[in-house]
Amino acid sequence: MVKIISAAEAAKTIPDGAVVTVSSSSGLCCPDAVLKAIGERFDAEQHPNKLTMLHAIAAGDIYGVRGIDHLAKPGLIARAICGSYPSGPSSSEPPMIWQMLGRNEIAAYNVPSGIMFDMHREAAAKRPGVLTKVGLDTFADPRREGCAMNEAAAAQPIVKVVEFEGEEWLYFPAIAPDVAIIRATTADERGNLTFEQEGAYLGALDLAMAAHNTCGKVIAQVKRIAKAGTLKTHDVRVPGILIDYVVEAPEQWQTTQTPYDPAISGEIFRPMASFALMEWGIGKPIARRVAQEIKRGWAVNLGFGVSANVPRIFIEEGLHGEATWVIEQGAVGGVPLLDFQFGCSSNAEAIVPSPQQFTYFQASGFDCALLSFLQIDSHGSVNVSKLGVRPHVTAGAGGFVDITARARKIVFSGFFNAGAKMRIADGRLVIDQDGKVRKLVREVEQVSFSGRRGVLQGQDVTYVTERCVMKLAPEGIVVTEIAPGVDLQRHVLEQCEFPLIVSPDLKTMEAAFFRPEPFGLKLDG
């Protein structure tokens, strides 16, 4: 029988040493009131303690929804196994969870988000674990880091390489949660949950089933409670038979810095004219050149960074709807949002649960992925997940590894180096001073995408920067296009720590990319 209790009472149901899984994506769907109550109980009683926290995607942020940072107290957490972690700008104080893992006070792991959902599915079915090729030759591979983020984690491995049917796989044992904490908009008196004001469903059903089926408890935080029998059958996304406790939290935010926006939850559609276009600057030619890689009718995954602006390029060019944008939180179609609302979409055609979205990604059901890079190395491998000098600037890998593992076509985008002083004049890129931090390096700090596997699998990989376009080839990275105004030797070849191959058919990027007016994007297909 479902019990309606306070957040403080919910916190008291969690035993010491429990495995606790949380459904969230930064501020999106974060059950922050319950997490806050757990932290407050620990402050008062030193219980619960030594928890293992599972987060398929980051729980909370540093912008008003603290999430896992409520629990970042010595003794409360023993292990954190997360697809991503709260992040923030280098100028800000690191989230407390980053400080703890940096001091080796907890064993911290970064497991690709799709694999995290797979681990829950296997636990729910009481199967032994996940057998996958996602993550081979990346930081998830135990021959590299095995997902470990610090020494405490490296001492407790959670993944191994196995041979099955003559092939090499990664094996992640399933972890059965003792407690699942999820969030919805409405619960009725029987615990049935609807998500009408949420921007995603994330993994709420899968996490609840994993806990329930393994004799754990499920806590649901909701904005409001309705009379039993009043919710529409097709609106219920998590049935009450899986729920033990309901906590009402009327003030829960819809997502980061957003108390409530009905367009995020699909309750209204915004006029297309209401979407701000990408501002003019050095990044816009990059986004325009990335847009040129897309064909009409494609389903295209988007990551954070410059590529997240490509839908705005389509709007500006009068081509909205000619490609369908798909994001890991579950939105299909519409216009993916930026900044604090990243992970949400307005005007989406559909929202599917994240675990199913990741199944779609892992098997390359989509046509193209548009993603960012921190570093690229001589093998074509990409790092997006680790920046040792400022670790909290990146959230970790999230769904990046799942998305790129088998993607047929990937377009990575970003600035060629960091800190350069540049401007655009008369359709040309002018580099006044090059940056001191090189991003094309001999070896990346962490392998988030394996260039070696990309070559072996025949993946079509392109790297787009403000000054050149490059392609991954078996013999190395080939410069295929150069921006107008750029000196190939001085601004490209000498700014790279390894030899680049220059295509004999080297072309100049379109000058129209470097002018503020729409450039006339044309799509094949």
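Up top is the structure these notes are about.
Rules behind the numbers
Residues numbered from 1 in each chain as written. Predicted model: local features only at pLDDT ≥ 70, side-chain atom pairs only at ≥ 80, totals over all residues. Heavy atoms only, no water. Buried < 20%, exposed > 50% of the residue type's maximum accessible area, 1.4 Å probe, protein only. Helix = DSSP H or I, 4+ residues; strand = E, 2+ residues; numbered from the N terminus. Contact = heavy atoms within 4.5 Å. Pairing = 2+ DSSP bridges. Axes fitted to C-alpha atoms, helices over the stretch in contact; angles between N-to-C directions. Phe/Tyr/Trp six-rings, centres within 6.5 Å; stacked < 30°, edge-to-face > 60°. Lys NZ or Arg CZ within 6 Å of the ring centre and 35° of its normal. Polar contact = N/O pair within 3.5 Å; in protein donor to acceptor, adjacent residues only side chain to side chain.

**What to know about helix H6 (residues 204-213)**
Then, number 1: The set of residues buried in H6 consists of Ala-204, Asp-206, Leu-207, Ala-208, Ala-210 and Ala-211.
Then, number 2: Against the buried residues of H6 lie strand E2 (19-22), helix H4 (113-124), strand E9 (179-183), strand E12 (217-222), strand E14 (236-238) and helix H9 (354-362).
Then, number 3: Positive backbone phi, at 70 degrees, marks Cys-215, one or two positions downstream of H6.

**Notes on the pairing of E9**
Where a strand is regular, its side chains alternate between the two sheet faces.
Then, number 1: Burial within E9 is extensive, with five of its five residues counted as buried.
Then, number 2: Residues Val-179, Ile-181 and Arg-183 point to one face of E9 and Ala-180 and Ile-182 to the other, with burial holding for every one of them.
Then, number 3: Looking at chain direction, E2 and E9 are connected through three bridges and run parallel. Along E9, the bridge assignment pairs Val-22 with Ile-181.
Then, number 4: The pairing of E9 with E12 spans five bridges and is parallel.

**Here we look at the sheet that holds strand E4 (residues 77-82)**
Then, number 1: Pairing is parallel in the open sheet, where eight strands are placed in the order E1-E15-E12-E9-E2-E3-E4-E5. The sheet is open, and its two edges are formed by strand E1 (3-5) and strand E5 (107-110), each paired on a single side. Recorded for the sheet is a direction-independent mean angle of 20 degrees between the axes of neighbouring strands.
Then, number 2: Packed on one face of the sheet, H4 meets E2, strand E3 (51-55) and E4 and runs near 115 degrees to E3.
Then, number 3: This element, H6, spans E2, E9 and E12 of the sheet and lies at about 155 degrees to E9.

**Considerations on the packing of aromatic side chains**
Then, number 1: The final tally for this structure, using the stated rule, is 14 aromatic pairs.
Then, number 2: Judged by centre distance (6.0 Å) and plane angle (85 degrees), the ring pair of Phe-358 and Phe-361 falls under edge-to-face. Residue Phe-358 and its partner Phe-361 are both found in helix H9; the two are separated by three residues, about one turn of the helix.
Then, number 3: You can call Phe-358 buried: its relative accessible area is 1%.
Then, number 4: One aromatic cluster is present, built from ring pairs that chain together Phe-117, Phe-358, Tyr-360, Phe-361 and Phe-366.
Then, number 5: Lying across the ring of Tyr-260, Lys-223 places its NZ or CZ 5.1 Å from the centre.

**Some words on the sheet that holds strand E8 (residues 167-173)**
Then, number 1: In spatial order, the strands read E6-E8-E7; together these three strands make up an open sheet with antiparallel pairing. At either end of the open sheet lies a strand with only one pairing partner, and these are strand E6 (129-132) and strand E7 (160-164). Across the sheet, the axes of successive neighbouring strands diverge by a mean angle of 40 degrees, strand direction being ignored.
Then, number 2: The strands touched by H4 are E6 and E8; relative to E6, the strand with the most contacts, the crossing angle is about 135 degrees.

**Examining the side chain of Ser-448**
Then, number 1: Residue position: Ser-448 is located in the loop between strand E30 (440-441) and helix H11 (451-456).
Then, number 2: A polar side-chain atom of Ser-448 sits 2.7 Å from a polar atom in the side chain of Ser-385.
Then, number 3: What Ser-448 contacts, discounting residues up to four positions off in sequence, is Thr-138, Phe-139, Val-382, Asn-383, Val-384, Ser-385, Phe-400, Val-401 and Thr-404.

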